[in-house]
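# What the coordinates show
What follows is each chain in one-letter form.
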2 protein chains.
Amino acid sequence: MKNKIKEAKKAYFEFLDSDTFIKNSIIKTVAEEILKNKKFILAENKKDIKKGKEKKLSNAMLDRLLLNDERVLSISNSCLDVAKLDDPVGTISEMKVMPEGFKVGKIDTPIGLILIIYESRPNVTVEAATLSLKSGNGVVLRGGSDAYHSNKAFISIIQKVLKKHNINENLVCFVDDTDRKIVDKLLVMNDLIDLVIPRGGEALITSVTKKATIPVLKHYKGVCHIYVHKLADLSMAEKIVVNAKVQRPGVCNSLETLLVDKEIADKFLGKCLKTLEKEKVKIVGCKETVKIYKDAKKANEQDWYTEYLDLILSVKVVKNSDEAIMHINKYGSMHTESIITKDIDAAQKFIKKVDSSSVMVNASTRLADGGVYGLGAEIGIATDKLHARGPMGLKELTTKKWIVLGDGHIRE
Amino acid sequence: MKNKIKEAKKAYFEFLDSDTFIKNSIIKTVAEEILKNKKFILAENKKDIKKGKEKKLSNAMLDRLLLNDERVLSISNSCLDVAKLDDPVGTISEMKVMPEGFKVGKIDTPIGLILIIYESRPNVTVEAATLSLKSGNGVVLRGGSDAYHSNKAFISIIQKVLKKHNINENLVCFVDDTDRKIVDKLLVMNDLIDLVIPRGGEALITSVTKKATIPVLKHYKGVCHIYVHKLADLSMAEKIVVNAKVQRPGVCNSLETLLVDKEIADKFLGKCLKTLEKEKVKIVGCKETVKIYKDAKKANEQDWYTEYLDLILSVKVVKNSDEAIMHINKYGSMHTESIITKDIDAAQKFIKKVDSSSVMVNASTRLADGGVYGLGAEIGIATDKLHARGPMGLKELTTKKWIVLGDGHIRE
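Residues numbered from 1 in each chain as written. Chains lettered and ligands numbered in written order. Predicted model: local features only at pLDDT ≥ 70, side-chain atom pairs only at ≥ 80, totals over all residues. Heavy atoms only, no water.

### Quick word on the sheet that holds strand β16 (residues 398-409) of chain B
- Strand order in this open sheet of 10 strands is β10(A)-β9(A)-β11(A)-β8(A)-β7(A)-β12(A)-β13(A)-β16(B)-β2(B)-β1(B), and the pairing throughout is mixed. Both outer strands of the open sheet, β10 (297-298) of chain A together with β1 (92-97) of chain B, are each paired with one neighbouring strand and no more.
- Inspection of the sheet shows strand β9 (residues 282-285) of chain A paired to strand β11 (residues 312-318) of chain A by four bridges, in the parallel sense. Bridge pairing in β11(A) places I283(A) opposite L313(A). (Pairing = 2+ DSSP bridges. Helix = DSSP H or I, 4+ residues; strand = E, 2+ residues; numbered from the N terminus.)

### Some details on the pairing of strand β8 (residues 255-261) of chain A
All names here are of chain A.
- Counting buried positions along β8 gives seven out of seven residues, so the element sits mostly inside the fold.
- You can see the chain leave strand β7 (residues 224-228), run along helix α10 (residues 234-246) and come back into β8, and the turn it takes is right-handed.
- For β8 and β11, the ladder comprises five bridges, and the chain directions are parallel. For V260, the partnering residue across the bridge sits in β11 and is V317. (Buried < 20%, exposed > 50% of the residue type's maximum accessible area, 1.4 Å probe, protein only. Right-handed = clockwise from strand over helix to strand, strands pointing away.)

### Examining helix α7 (residues 148-164) of chain A
Residues and elements named next belong to chain A.
- In this model, α7 (17 residues) spans 24 Å end to end at C-alpha, consistent with the 24 Å of a helix rising 1.5 Å per residue.
- Every buried residue of α7 is accounted for by Y148, S150, N151, A153, F154, I155, I157, I158, Q159, V161 and L162.
- Positive backbone phi, at 60 degrees, marks N166, one or two positions downstream of α7. (Expected span 1.5 Å × (residues − 1).)

### Some thoughts on the relation of the copies chain B and chain A
- Between chain B and chain A, the superposition needs a rotation of 180 degrees and an axial shift of 0.0 Å, giving an RMSD of 0.1 Å. The transformation relating the two chain copies, once decomposed into turn and shift, fits a two-fold axis. Nearest to the rotation axis, the C-alpha of H387(B) is located 2.1 Å from it, this being the minimum over chain B. (Least-squares fit on C-alpha atoms with pLDDT ≥ 70 in both.)

### A closer look at the environment of V404(B)
- Its place among the elements puts V404(B) in strand β16.
- With relative accessibility at 0%, the residue V404(B) sits in the buried group.
- In this structure, the C-alpha to C-alpha distance between V404(B) and S93(B), residues 311 residues apart in sequence, is 12 Å.
- Among all residues touching V404(B), those that are not within four sequence positions of it are V359(A), M360(A), V361(A), A363(A), L367(A), Y373(A), F102(B), K103(B) and V104(B). (Contact = heavy atoms within 4.5 Å.)

Structure follows, in structure tokens:
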């Protein structure tokens, strides 16, 4: 395994002088070859589906695993989208001439060799490989064992395309061994691997964080809040709350906890919770909420920490913005929070004091998304505070290095 | 301990709406109070020195530990320098109006609660505390046990100043317990601590990286290279090589390995190694080097990886720039490398393909420094690729969060 990773790192170094033209040509050819090899891909996918049925995977799991004509076309098209993105490598910034006469600045560069550990969606294989290629990185892919044959089919196509372009095929490296111990070994190869991105459930992320000596870019849960301030436009607030809770409750940027100022609680909750009732949302509320809305279940301490990912909403009446902000910083997951208000001071304070990756004013938390933010592609949403925070685009797969241009300059 | 860290995190949240004026006032008052309390500080320092002598610490260690009038003045002045730096928090960037009409951008914010683990220089206590304050962060300081009384004296002064400004004193938190197990507990408090910066030797950094579930900003060794290209100005090359090796050999940005193109090896090394000999530099060389310079010791594989931090230099003759770059990417520590050349293509290729935090053209590796780069203050030099890379200034103690300004915008 170590030798395979060494080869991948070598391929990354070789690829460092590739230009945008070559990178896009590889990615576009991958898109074509995926369509040309559709039969092969679907046949390999059938093996995974068959095994999945024998293993009695849930229907939801089998659906995530399944490829068909339409999905293969969509995977191919997503490659073309990546080819269209701006090359994130090579931009020079902050260049200045120092008093001594030499120039110093920064240049955007690839990160290096990236390990991506993911669960059973075969489209992630192609997405991760093409985004890594476009940003000049090498990639080690460790997909879920349920998608083994599908993943391997895609990798073999990508590696053939690399070879055709005279690029070392190890640049996109597949961890063939489905033994879990292999992952533990990879996670301590900090001399060769520069970053690990685990894409999956909380258990996977916790385990990777614990074991890795490599830096980890991670995405925990989203316990998102909306705070309806006393000076809010209440009909706007209701529209936003309903959208944030109901439009797609199973995702990380959906609303989990609603905070409402005391002054407007009767008026706002009285109407809004009835509207949510029509949308089949169950309410878990504080004492004051239960008084206003009799069908609410009384909330316990744990409920405020909970990411329901379902048609359930925690509701708390607060004294003022200080209490709202304290609640968010204590119970939130620092993902996305929004204040609804017409008052500019309240909005400014909320932006300054809420310590989340996305802080919003008069908008639905559901907008926290790489596509909506105009990033072009989304690798994930990071909940850590370093390097990448919130929606991660292609640029987040790069880093910067310093460049110094001298003319015989030395340290005196 | 957990409760103490919880209090520190709470203090950080409270401090989020502090403005530049308050932050500078605190830092300037710390500078004053340090001078006013000089007697107290020196008396506490004497206890550490006494204990250090009993423990038979080396003279170098005792010197690092020692405070006197001059050093206390210099620590006070360094606070005033921090007060003069621009506030790194609050800058808004990349703000754009999306087609749907809402605005999205980023704002520079503090990172959160930062744990700094360091060895026995008491000035680091003040430096770390004031830089964290200026960037709006909370800080947990774990200094070396040899400097226990000196560190505690400084912390008590800082905490008094915080109190006087009505700021929660737990914002600067001191780990009073010198038991090593405490550190292990801190390193897994990823629900409260956002970043750990170990400042010390390789053993400390490796141990922190292994145990931490918190992100680590680290600085390993510097095995810096200079590559003298065949089209170099050889007298400039010699001047730079001598400066990079001799000016201060004990630091991480000094030269450890010299690579020279075959075509010019005889001419360049013949002269340059004699000059280095006058400066008492010992040479460890490849086969070709030994032929040119008889006093060279023959290098073994391990020598190419070695950070001597001493008047010793590894020298290798290479076929061409590809071999030079391959050597650097294989044996280097990705700290700082420089090419000496008049050829623009060779310089461009070197910048693109060398994967180090600082890449230079016609300059001494000794220039890789926060002060020289104009950062104002240097927290350290990071050798990882994420978040901060190379010299870290105050800005590297901040991160960005997304802000979305809507007018009732929802996800359709």
